[in-house]
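A closer look at the structure
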Amino acid sequence: MSPDVEEVVRRELDAVSAEVTPRPEWTAAVLTGLEHEQAKVRRRRLASVVAAAAVVALVVVVVGARGAGRPQPAPEPDRTTRHQMVDIGGRSLGLSCWGVSPAGTPTVVLETGLGGHAATYDEVRADLADELRVCTYDRAGTGQSHAANSFPRTARTLSDDLAALVEAGGLGRSIVLVTDGFTALSGAVFAGDHPELVTGLVFLDPRGPHVSRAEARALGEPAPGEVELLTELRSQYRTDSLSRNGEQVSYPASEAEVAALLDAPGPAFGATPVVVLSPALGRQALPPLPGAIRSRWWQAWQADQDLLASESTSGAVRDVPEVSGSLAASAPTWVSSAVREVAGLER
Amino acid sequence: MCVAGNPLGPFGCSCVESVSSERSAPVDPDAAFAELVAARSTALLRTAFLLAGSRGDAEDLLQEALFATYRSRHRVRDLEALEGYVRTTMVRLLLRWRRRRWTSEIPFGELPDVGAVEGETPSCGEAWPLIQRLPVRQRAVIVLAYYEDLPELRIAELLGCSTGAVKSHRARALAALRRDLVVPEAVGGGELV
């Protein structure tokens, strides 16, 4: 043994550990998780008592007959508050879930916009987690998640990742998906590819599949003396610079995938309830373009939002007043209300 | 076999089944857990950090251990030893986490094999990165022995191995640390750099 090394190790471990203190939000999450565990235990105890009483009553009152073939409810999925890495086949995605909900209610998946952060949903999550299980995740290559295997990414590859996460992460067979901005495209593909999983869709200020083409068309041909912004935007569309985003998601490929889905005959989302929330002052967030072009951009944006809602026999567009930016952060009560609506908890 | 009252230091009883019949007065498990998190999360997180090697993994490890212990609370008869059970669960979870991030950590390569200078004591601050790079079992033995001050017999119980294996892990870990925790000697000169 080497006493000097042992002493150094001892001192080092003491010194390193002394710098570690729990983050308040982590402690709060653990306490909340324990409360949910405790609530689950209490519910199970109560259910046992009720079930025992019901059995006795049935034996006494209805001797013999019918309920024998009654199917048992599916086991309640794990509702522990936790942050975990979920293996989706050789790579992992970071998944965080909060809250509890009675069996039979959907899991809410909050999808951030491109470049967005899950924290923008904090208020929505806090509002919903008492009634529903709410999850966020880091898309491939963001947060703690491993990078994707191939590039560019498209709405369909994002959707495939989400489907794998739902399966491997045990999120259940009933999902309410909330998307923000561009991720409406991957959300639409997810709903189209996995209608059996999707109980409801909430699109926050969605970008539709025809927007880029309509915007590029509205810019028109170069004209002498035009404002510099027009030249820049025209170049942006010509060089597809939008697709050089942090997640390397191709806009044209994603838009083509969703256009194929939505332009096919019949409602792409069937009877799945859809709520599109649109910031009423969204036009103010557009670039300072000449009035006519600005109007055409705004119309194209709104037309695609209408289209997304019309792809459900139970779709609606709601203008959120006095908001021009992120609805998740600016209008959380509208978002949680829409989630409850499509989840069948609020009419 | 241990007795109630946490006689084996912070890691409490060796297993949840081996409890004394002379246990303390009944305690509400829910209240005890909330109190444990509120009062002892700093100490628990520090041990988790040393075992796991990073804050994120430490938080995951401790959270998972807390929930696992809570779900097994009907077997935890001595609620005053809850902290020991949680610590024990952390170690066992750590050994099961085969696919966690640290298992895929890639050491940056062999450190230069420079000679140690007799009588020199390495400065604090250099050891932690080296401890982090130890294999999980070696790191666990180092933390349990030098941070938690557990005897080899108890460490062997926690790791599910023999005391001989514990000695071997400790010896290998110390040898690696002794090799790397050195003040480099100038080439050919013997002067300290």
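The model shown is predicted, which means the values in this text are computed figures rather than measured ones.

Now for the overall build of chain B. Secondary structure assignment for chain B yields seven helices and zero strands. Each helix (α) and strand (β) of chain B, taken in turn from the N terminus, gives the series α-α-α-α-α-α-α. Taking all 193 residues of chain B together, the buried fraction comes to 39%. Across chain B, the fraction of contacts at a sequence separation of at least 24, relative to all contacts at a separation of at least 6, is 68%.

A count of helical and extended segments in chain A gives 11 helices and eight strands. Considering chain A as a whole, with its 347 residues, one finds that 40% of them fall into the buried category. Here the contacts in chain A between residues at least 6 apart in sequence split such that 79% fall between residues at least 24 apart.

All names here are of chain A. The strand order across the open sheet built from eight strands is 1-2-4-3-5-6-7-8, with neighbouring strands paired in mixed fashion. Two strands in the sheet have a free side with no partner beyond their single neighbour: strand 1 (82–87) and strand 8 (315–320). Looking at each pair of strands side by side, their axes are set apart by 20 degrees on average, direction ignored. Helix-sheet contacts for helix 11 (residues 332–342) involve strand 3 (107–110), strand 5 (175–180), strand 6 (198–204), strand 7 (274–279) and strand 8, and the interaxial angle to strand 6 is about 155 degrees.

Contacts between the two partners involve 32 residues from chain B, matched on the other side by 29 residues from chain A. Looking at the side of chain B that touches chain A, the elements that each hand over two or more residues are helix 1 (29–52), helix 2 (55–71), helix 4 (127–132), helix 5 (136–146) and helix 7 (163–180) of chain B. Of the residues forming the side of chain B that touches chain A, the biggest block, 10 residues, is contributed by helix 1 of chain B. For the side of chain B that touches chain A, the class distribution of residues is 21 nonpolar, four polar and seven charged.

All names here are of chain A. Between helix 4 (residues 155–168) and helix 5 (residues 184–193), the shortest axis-to-axis distance is 8 Å and the interhelical angle comes to 60 degrees. In terms of orientation, helix 4 lies oblique with respect to helix 5. Pair helix 4 / helix 5 crosses with right-handed handedness. Contact residues: helix 4 offers Ala155, Arg156, Leu158, Ser159, Leu162 and Ala163, while helix 5 offers Leu185, Ser186, Val189, Phe190 and Asp193. Residue classes in the contact of helix 4 with helix 5 are distributed as seven nonpolar, two polar and two charged.

This part takes up the nonpolar core. Counting residues in hydrophobic clusters, the biggest one holds 65 residues, and the most contacted among them are A:Val108, A:Val178, A:Val202, A:Leu277, A:Val335 and A:Val339. The element contributing the most residues to this core is helix 5 of chain A, with six residues. Those residues within four positions of A:Val178 in sequence are excluded, and the remaining contacts are A:Val108, A:Val109, A:Leu110, A:Glu111, A:Val202, A:Leu204, A:Val335 and A:Val339. Of all hydrophobic cores here, the second largest spans 51 residues; its members include B:Val37, B:Leu61, B:Tyr70 and B:Tyr146.

Let us now look at helix 6 (residues 152–159) of chain B. Residues and elements named next belong to chain B. Among the eight residues that make up helix 6, six are buried, leaving the element largely enclosed by the rest of the structure. All of the buried residues along helix 6 are Arg154, Ile155, Ala156, Glu157, Leu158 and Leu159. Taken together, the buried residues of helix 6 touch helix 3 (82–96), helix 5 and helix 7. After helix 6 finishes, the residue Gly160 shows a positive phi value of roughly 70 degrees.

Take helix 4 of chain A next. All names here are of chain A. For helix 4, which comprises 14 residues, the first-to-last C-alpha distance of 20 Å matches the rise-based estimate of 20 Å (1.5 Å per residue) to within 8%. Those residues of helix 4 not exposed but buried are Ala155, Thr157, Leu158, Ser159, Asp160, Asp161, Leu162, Leu165 and Val166. Lining the buried residues of helix 4 we find strand 1, strand 2 (92–98), strand 4 (133–137), strand 5, helix 5 and helix 8 (251–263). Following helix 4 by one or two positions, Gly170 adopts a phi angle in the positive range, close to 65 degrees.

Our focus in this paragraph is the pairing of strand 8 of chain A. Bridge analysis of strand 7 of chain A against strand 8 of chain A gives six bridges, and the strand direction is parallel. Looking at strand 8 of chain A, one finds that A:Val274 is bridged to A:Gly315.

On to unusual backbone geometry, then. One can expect most non-glycine residues to show negative phi and most peptide bonds to be in trans. All names here are of chain A. Residues Phe151 and Pro152 are joined by a peptide bond in cis, for which omega reads -5 degrees. Looking at the element boundaries, Pro152 is found in the loop between strand 4 and helix 4. Not every positive phi belongs to a glycine, and Asp205 is a case in point at roughly 40 degrees. Note that Asp205 resides in the loop between strand 6 and helix 6 (211–219). The phi torsion at Glu322 lies on the positive side, around 60 degrees, for a residue other than glycine. By secondary structure assignment, the location of Glu322 is in the loop between strand 8 and helix 10 (327–330).

The next point concerns the confidence of the model for chain B. Residue and element names in this part refer to chain B. Summarising the model, chain B shows a mean pLDDT of 70, and 62% of its residues fall at 70 or more. Every residue in residues 1–9 scores below 50 in pLDDT, and together they form 22 contacts with partners more than four places removed in sequence or on other chains. For residues 98–124, every residue scores under 50 in pLDDT, and the model assigns this stretch 28 contacts once sequence neighbours within four places are set aside.

The next point concerns the packing of helix 1 of chain B against helix 2 of chain B. All names here are of chain B. The contact between helix 1 and helix 2 brings their axes to 8 Å, and the two run at 135 degrees. When the interaxial angle is binned, helix 1 and helix 2 end up oblique. Judged by the sense of rotation from one axis to the other, the crossing of helix 1 with helix 2 is right-handed. Contacts from Phe33, Val37, Leu44, Leu45, Ala48, Phe49, Leu51 and Ala52 of helix 1 reach helix 2 at Arg55, Asp57, Ala58, Leu61, Leu62, Leu66 and Tyr70. Class assignment of the residues belonging to the contact of helix 1 with helix 2 gives a composition of 13 nonpolar, no polar and two charged.

Reading the values: rules and limits
- Residues numbered from 1 in each chain as written.
- Chains lettered and ligands numbered in written order.
- Predicted model: local features only at pLDDT ≥ 70, side-chain atom pairs only at ≥ 80, totals over all residues.
- Helix = DSSP H or I, 4+ residues; strand = E, 2+ residues; numbered from the N terminus.
- Buried ≥ 20, exposed ≤ 12 C-beta atoms within 10 Å, placed from the backbone.
- Contact = placed C-beta atoms within 7 Å.
- Pairing = 2+ DSSP bridges.
- Axes fitted to C-alpha atoms, helices over the stretch in contact; angles between N-to-C directions.
- Nonpolar A, V, L, I, M, F, W, Y, C, P; charged D, E, K, R; others polar.
- Parallel < 35°, antiparallel > 145°, perpendicular 65-115°, else oblique.
- Left-handed = near helix turned anticlockwise from the far one by under 90°.
- Core = buried A, V, L, I, M, F, W, Y, C linked by C-beta atoms within 7 Å.
- Expected span 1.5 Å × (residues − 1).
- pLDDT = per-residue confidence, 0-100.

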